[in-house]
Amino acid sequence: MESQGPSPGGDIPLLPARMVNEFTYCPRLAYFEWVDGEFADNAETTEGRFHHRRVDQAPVRKAKQAEEEPAETTIHQRSVWLSSERLGVTAKIDLVEGEGTAVVPVDYKRGKRPHTPQGAWEPERVQLCVQGLLLREQGFTCERGVLYFIGSRERVEVPFDEELMARTYELLDGMRLMTQATVAPAPLVDSPKCPRCSLVGLCLPDEVGWLRQPHEGESPALRKLIPSNDDALPLYVQTPGAKVGKDGECLKVKDHDEVIGEARLVETSQVVLYGAVQVSTQVVQELCKRNIPLVYCSSGGWFYGMTTGLLHKHVELRRRQYAVATDRERCLQLARRFVQAKIANCRTLLRRNHRAAPDTVLQELKNDQAHAGAVESLESLLGVEGTAARRYFSEFAGMLKEAEPGARFDFEGRNRRPPRDPVNAMLSLLYSMLAREWTVTLQSVGLDPYLGFYHQPRYGRPALALDMMEEFRPLIADSAVLTAINNGEIKQSDWFERMGSVTLTPEGRRRLIETYERRMGQEITHPVFGYQISYRRVLEVQARLLGRYLLGEIPELPPFTTR
Amino acid sequence: MRRHYLVTYDICDAKRLRRVFKTMKGFGAHLQFSVFQCDLPDIDVVRMKAALTEIIDQREDQVLIIDLGPTESHPIKRIESMGIKAEWEERRARVM
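Let me begin by describing the structure that accompanies this report.

Conventions used here
Residues numbered from 1 in each chain as written. Chains lettered and ligands numbered in written order. Predicted model: local features only at pLDDT ≥ 70, side-chain atom pairs only at ≥ 80, totals over all residues. Heavy atoms only, no water. Contact = heavy atoms within 4.5 Å. Buried area = accessible area lost by both parts, 1.4 Å probe. Salt bridge = Lys/Arg side-chain N within 4 Å of Asp/Glu carboxyl O. Polar contact = N/O pair within 3.5 Å; in protein donor to acceptor, adjacent residues only side chain to side chain. Helix = DSSP H or I, 4+ residues; strand = E, 2+ residues; numbered from the N terminus. Nonpolar A, V, L, I, M, F, W, Y, C, P; charged D, E, K, R; others polar. Buried < 20%, exposed > 50% of the residue type's maximum accessible area, 1.4 Å probe, protein only. Pairing = 2+ DSSP bridges. Axes fitted to C-alpha atoms, helices over the stretch in contact; angles between N-to-C directions. Parallel < 35°, antiparallel > 145°, perpendicular 65-115°, else oblique. Core = buried A, V, L, I, M, F, W, Y, C linked by side-chain atoms within 4.5 Å.

Digging into the interface of chain A and chain B
How big an interface is tends to be expressed through the accessible area that disappears when the partners come together. In this complex, chain A contributes 33 residues to the contact, which on the side of chain B involves 26 residues. Counting each side, the surface lost to burial between chain A and chain B is near 2500 Å², with a carbon and sulfur contribution of 57%. Where chain A packs against chain B, one counts 3 salt bridges. Joining chain A to chain B, the criterion identifies 9 residue pairs in polar contact (both at pLDDT 80 or more). Those elements giving two or more residues to the side of chain A that touches chain B turn out to be helix H3 (43–51), strand S7 (233–237), strand S9 (250–255), strand S10 (258–264) and helix H18 (506–521) of chain A. Of the residues belonging to the side of chain A that touches chain B, the class tally is 14 nonpolar, 7 polar and 12 charged.

Okay, structure coming up:
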């Protein structure tokens, strides 16, 4: 068999038979798992691992028996690990059985036998064939393999015929060729394989496929393939002196000796600590292990930093990000897009919530949006953004309901450090929460949150997080502030003034954080893809799309704007 | 897609009982002695079953997993509580 692709050996590590299975199923999936080192679990993979626990246990060798019995005997060996430099593959075989020199590899499969002519899908047959090739390499005779389906307790024989051999060699070559590319193969088109794939949430097959085609105006009706990863929720601890400990599968928060709350680890997306909160090493290790970020903030909400597990393995993505960040033209292109979308969303918020939004302001904002799209430098873009922000905030008070008698939510424009009125104090807190949320999201998809395209990476700011958050400020933070005030969730008694600066009480802040989290959990119709999705999940999809854009998979990053 | 489950168990050995209780704390809210209310996506059901399988003795213990249907269908209406009112735990971000 003549090899067309790169030869085995060299820089390419041995291909595991399991990955050859994935490659046969979907080359893009194999690329993500094998080259990028990505992995995600779903119910199927978790169940598969559970069923494999016995098979994967190291075999217990019965030394005595082996000595007594003659050499030619039945072989029944679990978890056999074989490699071959010549073939360029490696495999852990669940079970090898046979007699003398004739052996059969047995592979355990979760689920039931599929009703196909060959009794098994191609990926499984190819994986088994790789195992067979490895056994032959060891000098055994191996003419067939067996797939054991745990779900229906059935054995399916797979003969290693010429056709399967040829197909296996062809796939091995194809896979070696793929590993040399810097970008993953294109997603499958409208494939029935996607809905049950555990990596669908980071692959975004239909979304990427749709954005790659040229299209005009028509709205897509995409399948909602994204698994509900937004199920997990953050845990905030803001009681000074509280201690966070681990108790079994839960996090336990204690204030002195009183338990003030528990959170289940499987349902926790991140742990955010405000001020002097203690946390045990066991908690830090467990969070790292589960890839749950631990975030530290000052008691006032200033983002200090975070502890995460190991750095994301997707090096190529960061390399592309750095390359784009040094390209002035592409930075400008992205920055224009961020600012335009932000102005559009500010305008929408005004139009919807203002008692009587002046037409002149709405028109001016529309002009600003057009200007932002035409500027030739980042400096002039900053100017346009500043002007638009002033116009927007000058009308912000018009969106606030008449407060309870005696309350003072007066707002005369945006001010910071320190905020001089409650509205500004709330905006500042929520902006910092949103920046933190973006920092966590970007890092979790493998991007560097500190290197941006619009904001410059100075003063330790998470510049990319600030870039990405621009269009979401009005949608999430401003909107949550309006809800908190207009629904009476935050009252006069929830803040106090000290030396000209305004601070929320701990109780007020707790309620504001809850309002913000409710907003993040709210489901909206995705403006580009047309399906229902929560804001929490929108952030992740947007971050992944940025990754796809940086890798050159889609021509443009779609802005997130609402109507 | 989350579904509501009621998980009840009968464990014969005190040590296993404690381990089951501790494990179940990670998957649901403790409703009564040996009864948990869980609100789980399919992946966590698998995780829960896997964890319990490792602990229980298949010959002596029993765990019942009762599926109460999708989360959207408000299963609390199908549970009548006498005496102390049963509160179904609401999923939201926790601020402590």
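After that view of the structure, there is still more to cover.
Some remarks on the pairing of strand S11 (residues 268–274) of chain A
Residue and element names in this part refer to chain A. Within S11, 6 of the 7 residues are buried, which leaves it mostly tucked inside the rest of the structure. Sheet analysis places S7 next to S11, joined by 4 bridges and oriented parallel. Paired with Val237 across the bridge in S11 is Leu273. Note: S11 against strand S13 (residues 294–297), 4 bridges, orientation parallel. Looking at the pairing, Tyr274 lines up with Cys297 of S13.

What about the packing of helix H1 (residues 17–25) of chain A against helix H7 (residues 162–179) of chain A?
Residue and element names in this part refer to chain A. As a packed pair, H1 and H7 sit with axes 10 Å apart at the nearest point and diverge in direction by 90°. Relative to H7, H1 is oriented roughly perpendicular. Within the contact between the two elements, H1 uses Met19, Val20, Phe23 and Thr24 and H7 uses Leu171, Leu172, Gly174, Met175 and Met178.

Thoughts on the sheet that holds S13(A)
The strand order across the open sheet formed by 5 strands is S14(A)-S13(A)-S11(A)-S7(A)-S5(B), and the pairing between neighbours is mixed. The open sheet is flanked by strand S14 (303–307) of chain A together with strand S5 (94–95) of chain B, the only strands paired with a single partner.

A closer look at the nonpolar core
Residue and element names in this part refer to chain A. Membership of the largest hydrophobic core comes to 97 residues, with the highest contact counts inside it found for Trp438, Leu442, Phe453, Phe472, Ile476, Phe529 and Leu546. No other element matches helix H15 (residues 422–445), which puts 14 residues into this core. Apart from residues lying up to four places away in sequence, Phe472 is in contact with Leu434, Trp438, Ala477, Val538, Leu539, Gln542 and Phe560. In this structure, Phe23, Leu29, Leu134 and Cys197 belong to the second largest nonpolar core, which totals 44 residues.

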